[in-house]
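Each chain, letter by letter, is given below.
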Amino acid sequence: MADQKPLIRAEDGGALHVEIVKMVQFLHEASRPLFEGASDVIGDRSKLMSAAATFAGAIFGELIIAGVVTDQDKRRGAEVMARNFRSGIDAGKRMALRVATEKFGGHA
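Our subject in this report is the structure included herewith. No experiment lies behind these values; they were computed from the predicted model shown. (Residues numbered from 1 in each chain as written. Predicted model: local features only at pLDDT ≥ 70, side-chain atom pairs only at ≥ 80, totals over all residues. Heavy atoms only, no water.)

What follows is about the environment of Val69. On the secondary structure map, Val69 appears in the loop between helix H2 (41-65) and helix H3 (74-104). Considering only alpha carbons, one finds Val69 and Leu7, 62 residues apart in sequence, at a separation of 9.8 Å. (Helix = DSSP H or I, 4+ residues; strand = E, 2+ residues; numbered from the N terminus.)

See the structure below:
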């Protein structure tokens, strides 16, 4: 990268992790209206996941034009995004389990 600045991984701990979780919660709440009354649960969420990935790529493209990262950093950026995606799956499972436990009882 231009200055070898690290790309942020969602699994990083401490204050950074808390900040990322807050951003994810904000995005989760902001996207909630998109699913109200939706009949195609998988299709609608799949479109949102595609939009989110495209949005992340667009941000990376802006960083390339700004000179913060280079075209050569795309592979590394994609690898970090893949790790974040896997971390997000685990976080989503934990969140859904917590909601289900609170709503229906049982153990998490």
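There is more to say after this.
Where charged atoms from two side chains of opposite charge come close, those side chains can pair. Applying the stated rule across the entire model yields 4 salt bridges. For the salt bridge of Arg32 with Glu29, the shortest nitrogen-to-oxygen distance reads 2.7 Å. Residue Arg32 is classed as partly exposed on the basis of its relative accessible area, which comes to 40%. What makes Glu29 partly exposed here is its relative accessible area of 47%. When the shortest N-O distance is used, the salt bridge between Asp71 and Lys74 registers 3.6 Å. With relative accessibility at 43%, the residue Asp71 sits in the partly exposed group. (Salt bridge = Lys/Arg side-chain N within 4 Å of Asp/Glu carboxyl O. Buried < 20%, exposed > 50% of the residue type's maximum accessible area, 1.4 Å probe, protein only.)

Together, Phe55, Ile59, Leu63 and Val68 give the surface a local cluster of nonpolar side chains, amounting to about 320 Å² of exposed area. Looking at the element boundaries, Ile59 is found in helix H2. (Patch = residues over 30% accessible without salt bridge, like charges linked within 9 Å, V, L, I, M, F, W, Y side chains within 5 Å. Areas by Shrake-Rupley, 256 points an atom, 1.4 Å probe, with all protein chains shown as cover.)

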